[in-house]
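Listed here are the chains, written in short residue letters.
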Amino acid sequence: MNYHLFQIVNAAAGHNDPVDDVFEWSAVWLIWALAATAAIPILAHVRHRRAALGRVVASLGLAFAVGQAVAALSTEVRPFQTHPVHQLIPHAAGPSLPSDHATAAFAVAFAVGAFLSRRWGVALSVLATLIGFARVWTGVHYPGDILAGALIAAAAVTTVSLGGRAYHRLTSRRLDTTA
């Protein structure tokens, strides 16, 4: 199923240079545009919501750590290592699962959405989805790699959110008992 979906997307690559150029740029550079866009709500809240900003950073760090652990355990290699593909961007051989780009992009998008601004989170999620699709289009990831990155990001944000709530409840109880 994963390879079949990959074939459907990647089969369209390499036939229309302007379309390929958009996806090549998106696969490589859109992550930086996503980071710059995420800076807008982050900077808007830097003074008043430090705890929320800490949760955004913690979510990204946790997602990255889990992604690296999954990659170390994974035997999934990149599509171009085992199949004929339309590889439009250069990439080193190695583990494919999960996509680092997708993990980072979705972690930032979901964390901004959960802790700072839902509207910005939705906009960033659209960019993250485009990054993931472009990574498949250009032949360097399977759709499952992108999905795994998104799931890792969602789990990291959920873990940080639940951890933050538990910490808040714990500190609130301490304050109640000392008053």
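Values in this document were obtained by computation on a predicted structure and should not be read as measured data.

**Student:** Which residues make up the overall build of the protein chain, and what values go with them?
**Tutor:** Across its full length, the protein chain carries eight helices and zero strands. Starting at the N terminus and ending at the C terminus, the protein chain contains elements arranged as α-α-α-α-α-α-α-α. The principal-axis extents of the C-alpha atoms in the protein chain amount to approximately 70 × 35 × 25 Å. Within the protein chain, the fraction of its 179 residues that count as buried is 39%. Intrachain contacts of the protein chain at a sequence separation of at least 6 include 80% that bridge at least 24 residues. As displayed, the protein chain offers around 9,800 Å² of accessible surface, 67% of which is attributable to carbon and sulfur atoms.

**Student:** Can you lay out unusual backbone geometry for me, pointing to particular residues and giving the numbers?
**Tutor:** At the junction of Leu 97 and Pro 98, the peptide bond is cis and its omega measures out at -10° in the coordinates. Here Pro 98 shows up in the loop between helix 5 (79-82) and helix 6 (100-115).

**Student:** Kindly report on a nonpolar patch on the surface, identifying the contributing residues and their values.
**Tutor:** On the surface, Trp 25, Val 28, Trp 29 and Trp 32 cluster together into a nonpolar patch covering about 480 Å² of accessible area. Take Val 28: it is sitting in helix 2 (residues 17-28).

**Student:** Give me the packing of aromatic side chains: which residues, what numbers.
**Tutor:** Enumeration over the complete set of coordinates arrives at six aromatic pairs. When the ring of Phe 6 is compared with that of Tyr 142, the centres are 5.5 Å apart and the planes differ by 65°; the resulting orientation is edge-to-face. Remark: Tyr 142 occurs in the loop between helix 7 (118-137) and helix 8 (143-178) and Phe 6 occurs in helix 1 (residues 2-10); sequence separation between them is 136 residues. Per residue, the accessibility class of Phe 6 equals that of Tyr 142, and both read buried. Centre to centre, the rings of Phe 133 and Trp 137 are 6.0 Å apart; their planes meet at 40°, and the pair counts as tilted. Pair noted here: Phe 133 and Trp 137 are both in helix 7, with a separation of four residues, about one helical turn. Overall, Phe 133 belongs to the partly exposed group, its relative accessible area being 34%. Among the residues examined, Trp 137 registers a relative accessible area of 9% and is labelled buried. Pairwise contacts between aromatic rings join Tyr 3, Phe 6 and Tyr 142 into one cluster.

**Student:** Quick rundown of helix 1? Include the residues and the values.
**Tutor:** Listing the buried residues of helix 1 in full gives Phe 6, Val 9 and Asn 10. Burial along helix 1 is one-sided: seen end-on, the buried residues are contained in an arc of 85°.

**Student:** Before we move on, could you go through helix 6 and cite the residues and values that matter?
**Tutor:** Along its 16 residues, helix 6 runs 22 Å from first to last C-alpha, staying within 8% of the 22 Å computed at 1.5 Å per residue. Among all positions of helix 6, only Ala 102, Thr 103, Ala 105, Phe 106, Ala 107, Val 108, Ala 109, Ala 111, Val 112, Gly 113 and Phe 115 are buried. The opening residue of helix 6, the one whose side-chain oxygen lies 3.4 Å from the backbone nitrogen of His 101, is Ser 99.

**Student:** Give a detailed account of the environment of Arg 119, specifying residues and quantitative values.
**Tutor:** Among the secondary structure elements, Arg 119 is positioned in helix 7. Note on Arg 119: relative accessible area 74%, which makes it exposed. Residues Arg 119 and His 83, 36 residues apart in the sequence, show an inter-C-alpha distance of 39 Å.

**Student:** Outline the environment of Gly 113, supporting the account with residue identities and numerical values.
**Tutor:** Of note, Gly 113 is situated in helix 6. Linking Gly 113 and Arg 78, residues 35 residues apart in sequence, is a C-alpha distance of 30 Å. Discounting chain neighbours no more than four positions away, the residues touching Gly 113 are Arg 118 and Gly 121.

**Student:** For the packing of helix 6 against helix 7, give the residues involved together with the corresponding values.
**Tutor:** Viewed as axis vectors pointing N to C, helix 6 and helix 7 meet at an angle of 170°, and their least axial separation amounts to 7 Å. Compared by their axis directions, helix 6 and helix 7 come out roughly antiparallel. Where helix 6 approaches helix 7, its residues His 101, Ala 105, Phe 106, Val 108, Ala 109, Phe 110, Val 112 and Gly 113 are matched on the opposing element by Arg 118, Trp 120, Gly 121, Leu 124, Ser 125, Ala 128, Thr 129, Ile 131 and Arg 135. Within the contact of helix 6 with helix 7, the residues separate by chemical class into ten nonpolar, five polar and two charged.

Cut-offs applied
- Residues numbered from 1 in each chain as written.
- Predicted model: local features only at pLDDT ≥ 70, side-chain atom pairs only at ≥ 80, totals over all residues.
- Heavy atoms only, no water.
- Helix = DSSP H or I, 4+ residues; strand = E, 2+ residues; numbered from the N terminus.
- Buried < 20%, exposed > 50% of the residue type's maximum accessible area, 1.4 Å probe, protein only.
- Contact = heavy atoms within 4.5 Å.
- Areas by Shrake-Rupley, 256 points an atom, 1.4 Å probe, with all protein chains shown as cover.
- Patch = residues over 30% accessible without salt bridge, like charges linked within 9 Å, V, L, I, M, F, W, Y side chains within 5 Å.
- Salt bridge = Lys/Arg side-chain N within 4 Å of Asp/Glu carboxyl O.
- Phe/Tyr/Trp six-rings, centres within 6.5 Å; stacked < 30°, edge-to-face > 60°.
- Arc of directions from axis to C-beta.
- Expected span 1.5 Å × (residues − 1).
- Polar contact = N/O pair within 3.5 Å; in protein donor to acceptor, adjacent residues only side chain to side chain.
- Axes fitted to C-alpha atoms, helices over the stretch in contact; angles between N-to-C directions.
- Parallel < 35°, antiparallel > 145°, perpendicular 65-115°, else oblique.
- Nonpolar A, V, L, I, M, F, W, Y, C, P; charged D, E, K, R; others polar.

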